[in-house]
Amino acid sequence: MVDKTKAYQFQYVPIEGRLSGRQFEQQTEDAINDIGNAAYEAKANMQNILDIANNALSVSRDAQKTANLAQAEAKNVQSTADNAVKKADDATATANSAKTAADNAVKTANSAVDKANSAAATANSADAKAASAVNDVAKSRLDSAQALATANNASKLATDTYNQLNKILDEQQMITFDVVE
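Residues numbered from 1 in each chain as written. Predicted model: local features only at pLDDT ≥ 70, side-chain atom pairs only at ≥ 80, totals over all residues. Heavy atoms only, no water.

**Student:** Which residues make up the overall build of the protein chain, and what are the values?
**Tutor:** A tally of helices and strands in the protein chain yields 2 helices and 0 strands. Since a compact globule built from 181 residues should have a radius of gyration of about 16 Å, the 70 Å found for the protein chain marks it as more spread out than a globular shape. Principal axes of the C-alpha set define a box for the protein chain whose edges measure 230 × 20 × 20 Å. Residues counted as buried form 2% of the 181 residues belonging to the protein chain. Of the accessible surface of the protein chain, which amounts to about 15600 Å², a share of 59% is contributed by carbon and sulfur atoms. Across the protein chain, 18 positive and 23 negative side-chain charges occur, with their mean positions spaced 8 Å apart. (Helix = DSSP H or I, 4+ residues; strand = E, 2+ residues; numbered from the N terminus. Rg over C-alpha atoms; globule rule 2.2 N^0.38 Å. Buried < 20%, exposed > 50% of the residue type's maximum accessible area, 1.4 Å probe, protein only. Areas by Shrake-Rupley, 256 points an atom, 1.4 Å probe, with all protein chains shown as cover. Lys, Arg positive; Asp, Glu negative; His and termini not counted. Charge placed at Lys NZ, Arg CZ, Asp CG, Glu CD.)

So, in structure tokens, the structure goes:
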């Protein structure tokens, strides 16, 4: 690296012997021109550096805006995610409630099936008893019909017997009348 304190040290250098006025003037002008050129180059470099710095500042401001927008978007995404989690939690709670209700409905349906099966068994038993009762009634009717037929036959037989006895008695009385007379 160049030592800056020595790089710009100015000295008058005589060409030979003593420094003449013209040499003094020329060397002073050259030194001032060198300083001016260095200042101009420094100003140009500074302007270039300033332009680069301004560009960097503009880029950093754009980056800051982008970062702020990204942060706002991240907050929106976080809010959306939080809402989605809440909705998912609500949906889970609703699903759990629905499952509980469905489980209860299945238990109720199973109980209803058991009661329906019991009622069907009772109905089948009642049907069998009713069928047996119908058979008993039919048999009783048949027995009653046979008993009625037997009774009618017995009544007819009794009536016929009575009539024959009366006829016999009448004939006997006639015979008795004939004998007594």
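**Student:** I'd love a proper account of the pattern of salt bridges, names of residues and values included.
**Tutor:** Taken as a whole, this structure holds 4 salt bridges when the rule is applied. A salt bridge links Asp160 to Lys156, with the nearest nitrogen and oxygen atoms 4.0 Å apart. On the criterion of helical spacing, the pair formed by Asp160 and Lys156 is a turn pair, its members being 4 residues apart in helix 2 (residues 21-180). Of the residues examined, Asp160 reaches a relative accessible area of 34% and is grouped as partly exposed. Owing to a relative accessible area of 52%, Lys156 belongs among the exposed residues under this scheme. (Salt bridge = Lys/Arg side-chain N within 4 Å of Asp/Glu carboxyl O.)

**Student:** Talk me through the environment of Leu157; I want residue IDs and the actual numbers.
**Tutor:** Mapped onto the elements of the fold, Leu157 is located in helix 2. By relative accessible area, Leu157 is classed as exposed at 55%. Through-space distance from the C-alpha of Leu157 to that of Leu50 is 152 Å; in sequence the pair is 107 residues apart.

**Student:** Would you mind going over the environment of Ala105 in detail, with residue names and values included?
**Tutor:** Tracing the chain through its elements places Ala105 in helix 2. For Ala105, a relative accessible area of 44% gives the class partly exposed.

**Student:** Describe the side chain of Gln23, listing the residues and the values that go with them.
**Tutor:** Tracing the sequence through the fold places Gln23 in helix 2. In this view, Gln23 contacts Pro14, Ile15 and Arg18; residues no more than four positions away in its chain are not counted. (Contact = heavy atoms within 4.5 Å.)

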